Amino acid sequence: MSDLPPWHTVSSRILGDYYIFRLRQEVRVSPRSGRSLNFYVLEATDWINIIPITTAGEIVMVRQFRHGTGELTLEVPGGMVDPNEDPGEAARRELLEETGYTADHILPLGSVTPNPAFLTNRCHTFLALNATPAGSQDLGEGEDIRVELVPAASVAEYIADGRISHALVIAAFYFYQMYQAKGHA
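About the cut-offs
Residues numbered from 1 in each chain as written. Predicted model: local features only at pLDDT ≥ 70, side-chain atom pairs only at ≥ 80, totals over all residues. Heavy atoms only, no water. Helix = DSSP H or I, 4+ residues; strand = E, 2+ residues; numbered from the N terminus. Buried < 20%, exposed > 50% of the residue type's maximum accessible area, 1.4 Å probe, protein only. Contact = heavy atoms within 4.5 Å. Areas by Shrake-Rupley, 256 points an atom, 1.4 Å probe, with all protein chains shown as cover. Lys, Arg positive; Asp, Glu negative; His and termini not counted. Charge placed at Lys NZ, Arg CZ, Asp CG, Glu CD. Pairing = 2+ DSSP bridges. Axes fitted to C-alpha atoms, helices over the stretch in contact; angles between N-to-C directions. Salt bridge = Lys/Arg side-chain N within 4 Å of Asp/Glu carboxyl O. Core = buried A, V, L, I, M, F, W, Y, C linked by side-chain atoms within 4.5 Å. Patch = residues over 30% accessible without salt bridge, like charges linked within 9 Å, V, L, I, M, F, W, Y side chains within 5 Å.

### Structural notes on the overall build of the protein chain
A count of helical and extended segments in the protein chain gives three helices and twelve strands. Its C-alpha atoms put the protein chain at 60 × 40 × 35 Å along the principal axes. Counting across all 185 residues of the protein chain, residues that qualify as buried make up 37%. Taking the contacts inside the protein chain whose residues are at least 6 apart along the sequence as the reference set, 57% of them involve residues at least 24 apart. Accessible area for the protein chain stands at about 10900 Å²; split by element, carbon and sulfur atoms hold 53% of it. Put simply, the protein chain has 14 plus and 23 minus side-chain charges, and the middle of one group is 11 Å from the middle of the other.

In structure tokens, the structure reads:
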């Protein structure tokens, strides 16, 4: 248990409401100095990542353009959890929408706080076993996604050489590695 006290919130107000987040200004008092300081927080919905594995041992991944970096990235399927939606159901939905695949079993692997310095959400990671094609993609207006099958044995190399660089995807593969270390397939 830490003896570090929390900061007291003096005021909180929404500065902007955007499709995927709300920007909030917090005025908080430092317990150490007693000074009031401004902080900016992005209220974001929870996200999911799902690692779909085919019976042939391939990972179903997606390549897409990311506006933040202005680059194409290689990632696992993922997306936002809709209001009142269970993260596991969001994982199943995103898998089908982004890839056209379904899976026999979807298992939770863990969750992380993407950046607790200014984000309020969590990113939940799931594993999809025996992923198989079930139809075509159902992409949203702002999505252009190409499906790629990557041998599971190549993932560590792809992370090491930067072909996979998305931090939350790397965290997802860490959860998968821990799952395997416990003796699961």
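### Overview of the environment of Gly-140
Here Gly-140 is to be found in the loop between strand S11 (132–133) and strand S12 (145–151). Separated by 124 residues in sequence, Gly-140 and Gly-16 have C-alpha atoms that sit 24 Å apart.

### Looking at the sheet that holds strand S3 (residues 36–44)
Hydrogen bonds between backbone atoms are what pair the strands of a sheet, whose relative direction is either parallel or antiparallel. In spatial order, the strands read S1-S2-S3; together these three strands make up an open sheet with antiparallel pairing. In the strand order of this sheet, the two ends are held by strand S1 (8–17) and S3, each with one partner. With strand direction ignored, the average angle separating the axes of adjacent strands in the sheet is 25°. Summarising the sheet, strand S2 (residues 21–29) and S3 pair through nine bridges and their orientation is antiparallel. In the sheet register, Phe-21 faces S3, and the bridge partner there is Ala-44.

### Looking at the pattern of salt bridges
Here the structure, examined in full by the defined rule, presents 13 salt bridges. With its nearest N and O atoms 2.8 Å apart, the salt bridge here joins Glu-43 to Arg-22. Of this pair, Glu-43 sits in strand S3 while Arg-22 sits in strand S2; the two residues are 21 residues apart in sequence, bridging distant segments of the chain. By relative accessible area, which is 31% here, Arg-22 ends up partly exposed. A salt bridge links Glu-26 to Arg-24, with the nearest nitrogen and oxygen atoms 2.3 Å apart. Overall, Arg-24 belongs to the buried group, its relative accessible area being 15%. Beyond isolated ion pairs, a larger network of salt bridges with shared partners links Arg-22, Arg-24, Glu-26, Arg-28 and Glu-43.

### Considering the nonpolar core
If you look at the biggest cluster of nonpolar residues, it comprises 18 residues, and the most contacted ones within it are Ile-51, Ile-59, Met-61, Leu-127, Ile-164, Phe-173 and Tyr-176. For this core, the secondary structure elements donating two or more residues are strand S4 (47–53), strand S5 (58–66), helix H2 (155–160) and helix H3 (167–181). No other element matches H3, which puts six residues into this core. With residues up to four places along the chain from it excluded, the contact list for Ile-59 reads Ile-51, Pro-52, Ile-53, Glu-148, Leu-149, Val-150, Ala-152, Val-155 and Phe-173. Val-81, Ala-91, Leu-95 and Phe-126 belong to the second largest nonpolar core, which has 13 residues in total.

### Comments concerning a nonpolar patch on the surface
Together, Trp-7, Leu-37 and Phe-39 make up an exposed nonpolar region whose accessible area comes to about 250 Å². With respect to the helices and strands, the residue Phe-39 is situated in strand S3. By relative accessible area, which is 32% here, Phe-39 ends up partly exposed.

As far as function goes, none of this settles anything; it's purely spatial.
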